[in-house]
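Per-entry structural report
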Amino acid sequence: MTLVFGWIILGLIVTFILGKFFPKAQFKKYDLLPIFMILAVHTFCQVTKITPFLPFGLFFYILGAIFLIIWASFQQKNISLKATLRMLWDLLTLTSIVWIIGLFIINI
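A brief structural summary. (Residues numbered from 1 in each chain as written. Predicted model: local features only at pLDDT ≥ 70, side-chain atom pairs only at ≥ 80, totals over all residues. Heavy atoms only, no water.)

**Structural notes on the overall build of the chain**
Tallying secondary structure elements over the chain gives 4 helices and 0 strands in all. When the elements of the chain are put in sequence order from the N terminus, they spell out α-α-α-α. Per-residue burial over the chain gives 28% buried out of 108 residues. Once local pairs closer than 6 in sequence are excluded, the contacts in the chain between residues at least 24 apart make up 68%. Accessible area of the chain: about 7500 Å², with a carbon and sulfur share of 78%. (Helix = DSSP H or I, 4+ residues; strand = E, 2+ residues; numbered from the N terminus. Buried < 20%, exposed > 50% of the residue type's maximum accessible area, 1.4 Å probe, protein only. Contact = heavy atoms within 4.5 Å. Areas by Shrake-Rupley, 256 points an atom, 1.4 Å probe, with all protein chains shown as cover.)

**Notes on the packing of helix α2 (residues 33-48) against helix α4 (residues 81-106)**
Relative to each other, α2 and α4 sit at 25 degrees, their axes nearing to 9 Å. Looking at the two axes, α2 sits roughly parallel to α4. Crossing hand, α2 versus α4: left-handed. Between α2 and α4, the residues in contact are Pro34, Met37, Ile38, Ala40, Val41, Phe44 and Cys45 and Trp89, Leu92, Thr93, Ser96, Ile97, Trp99, Ile100, Leu103 and Phe104, respectively. (Axes fitted to C-alpha atoms, helices over the stretch in contact; angles between N-to-C directions. Parallel < 35°, antiparallel > 145°, perpendicular 65-115°, else oblique. Left-handed = near helix turned anticlockwise from the far one by under 90°.)

**Here we look at the nonpolar core**
Grouped together as the largest cluster of nonpolar side chains are 15 residues, with contacts concentrated most on Val4, Ile8, Ala40, Val41, Leu88, Ile100 and Leu103. Elements with a minimum of two residues in this core: α1 (2-21), α2, α3 (54-75) and α4. Ignoring sequence-local partners within four residues, the contact set of Ala40 consists of Val4, Trp7, Ile8 and Ile100. (Core = buried A, V, L, I, M, F, W, Y, C linked by side-chain atoms within 4.5 Å.)

**So, α2**
Helix length check: α2 (16 residues) gives 22 Å between terminal C-alpha atoms against 22 Å at 1.5 Å per residue, within 8%. Buried within α2 are the following residues: Leu33, Pro34, Phe36, Met37, Ala40, Val41, Thr43, Phe44 and Cys45. Of the residues one or two after α2, Lys49 is the one with positive phi, at around 55 degrees. (Expected span 1.5 Å × (residues − 1).)

Structure follows, in structure tokens:
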């Protein structure tokens, strides 16, 4: 169980270090958090021996991505690939945080 919190803490440490090394970077400092959050969710599912709901989370992420792309195409006529990928990555960040919070709530 400490490995689950270890992934989250490691992700926060990496984002802090990136913020210190690259203060004027174009990327946001929390861009690497989804990688560590997904690892934490996977580790949590293995430790507690519950069925991982990462496939369901990815399904909702894909639905959200499709909704976001359709919304962006109606909002803007010229869709920038960079802006669309940025929105999708931000959505992955949000969903990975929701996944880990959901797992903790389910298993309390």
